[in-house]
Amino acid sequence: MDTAKYLDLFRQEAAEHLATLEAFVASGAPADMPSLQAPFRAAHSMKGMAAAMGFDAIQSLCHALEDGFVRVREGKAAADAPLRSAWFRSVPARSRRIF
């Protein structure tokens, strides 16, 4: 599949999902079920879009972020300072890989 014609659409949609992730990370909101829904969906959507485009590094980053949200949601991990710090560092890394 020729993905070049979809690159602008990917960047546009990725920017929207990144804005959702950045807003969550910057908010410092408690990582409870309601507050995790939007960033989880953003990471999940970006993971699928990256997979479709063949962007393996972005897909892997999104998958790791999504897994972190799942672990917190399921009570297997706490959204403590080290985890939030990792989330905070991962969002700019994702942006650099896209734009």
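Since the model is a prediction, treat every value here as computed from it, not as a measurement.

What about the packing of aromatic side chains?
Part 1 of the reasoning: One pass over the full model with this rule turns up 2 aromatic pairs.
Part 2 of the reasoning: Between the aromatic rings of Phe10 and Phe55, the centroid separation amounts to 5.1 Å while the plane-to-plane angle is 75°, which identifies the pairing as edge-to-face. Taken together, the positions of Phe10 in helix H1 (residues 7–27) and Phe55 in the loop between helix H2 (33–53) and helix H3 (56–73) put the pair 45 residues apart, joining distant regions of the chain.
Part 3 of the reasoning: Given a relative accessible area of 5%, Phe10 falls into the buried group.

Side note on the pattern of salt bridges
Part 1 of the reasoning: Under the criterion given, the structure shown has 2 salt bridges.
Part 2 of the reasoning: Lys47 is the partner of Glu66 in a salt bridge, and the nearest nitrogen-oxygen pair spans 2.6 Å. Of this pair, Glu66 sits in helix H3 while Lys47 sits in helix H2, and the two are 19 residues apart along the sequence. In this structure, Glu66 and Lys47 share a single accessibility class: buried.
Part 3 of the reasoning: Between Lys76 and Glu74 there is a salt bridge, and its shortest N-O distance comes to 3.3 Å.

Some remarks on the nonpolar core
Part 1 of the reasoning: Among the nonpolar cores identified, the biggest contains 22 residues, and Phe10, Leu21, Phe69 and Trp87 are the most heavily contacted of them.
Part 2 of the reasoning: Of all the secondary-structure elements, those providing two or more residues to this core are H1, H2, H3 and helix H4 (81–98).
Part 3 of the reasoning: The greatest single-element share of this core, amounting to 8 residues, is contributed by H2.

Some thoughts on H3
Part 1 of the reasoning: For H3, which comprises 18 residues, the first-to-last C-alpha distance of 25 Å matches the rise-based estimate of 26 Å (1.5 Å per residue) to within 8%.
Part 2 of the reasoning: Looking only at H3, the buried set comprises Ile58, Cys62, Leu65, Glu66, Gly68, Phe69, Val70 and Val72.
Part 3 of the reasoning: A positive phi of about 75° marks Gly75, the residue just after H3.

Focus: H1
Residues that lie three or four places apart on an α-helix share one face, since the helix turns once every 3.6 residues.
Part 1 of the reasoning: The end-to-end C-alpha separation of H1 is 30 Å, in line with the 30 Å expected for 21 residues at 1.5 Å each.
Part 2 of the reasoning: Those residues of H1 not exposed but buried are Phe10, Ala14, His17, Leu18, Leu21, Phe24 and Val25. Seen end-on, H1 carries its buried residues on one side only, within an arc spanning 120°. Set apart from the buried face of H1 by more than 90 degrees, the exposed residues are Asp8, Glu16 and Ala26.
Part 3 of the reasoning: The positive-phi residue at the C-terminal boundary of H1 is Gly28, with phi of around 70°.

Structural notes on the side chain of Glu66
Part 1 of the reasoning: Residue class for Glu66 comes out buried when judged on its relative accessible area of 5%.
Part 2 of the reasoning: Excluding residues within four positions of it along the chain, Glu66 makes contact with Phe40, Ala43, His44 and Lys47.

Side note on the confidence of the model for the chain
Part 1 of the reasoning: Per-residue confidence for the chain gives a mean pLDDT of 83; residues scoring 70 or more make up 85%.
Part 2 of the reasoning: Mean pLDDT per element in the chain: H4 is the minimum at 69, and H2 is the maximum at 90.

Conventions adopted
- Residues numbered from 1 in each chain as written.
- Predicted model: local features only at pLDDT ≥ 70, side-chain atom pairs only at ≥ 80, totals over all residues.
- Heavy atoms only, no water.
- Phe/Tyr/Trp six-rings, centres within 6.5 Å; stacked < 30°, edge-to-face > 60°.
- Helix = DSSP H or I, 4+ residues; strand = E, 2+ residues; numbered from the N terminus.
- Buried < 20%, exposed > 50% of the residue type's maximum accessible area, 1.4 Å probe, protein only.
- Salt bridge = Lys/Arg side-chain N within 4 Å of Asp/Glu carboxyl O.
- Core = buried A, V, L, I, M, F, W, Y, C linked by side-chain atoms within 4.5 Å.
- Expected span 1.5 Å × (residues − 1).
- Arc of directions from axis to C-beta.
- Contact = heavy atoms within 4.5 Å.
- pLDDT = per-residue confidence, 0-100.

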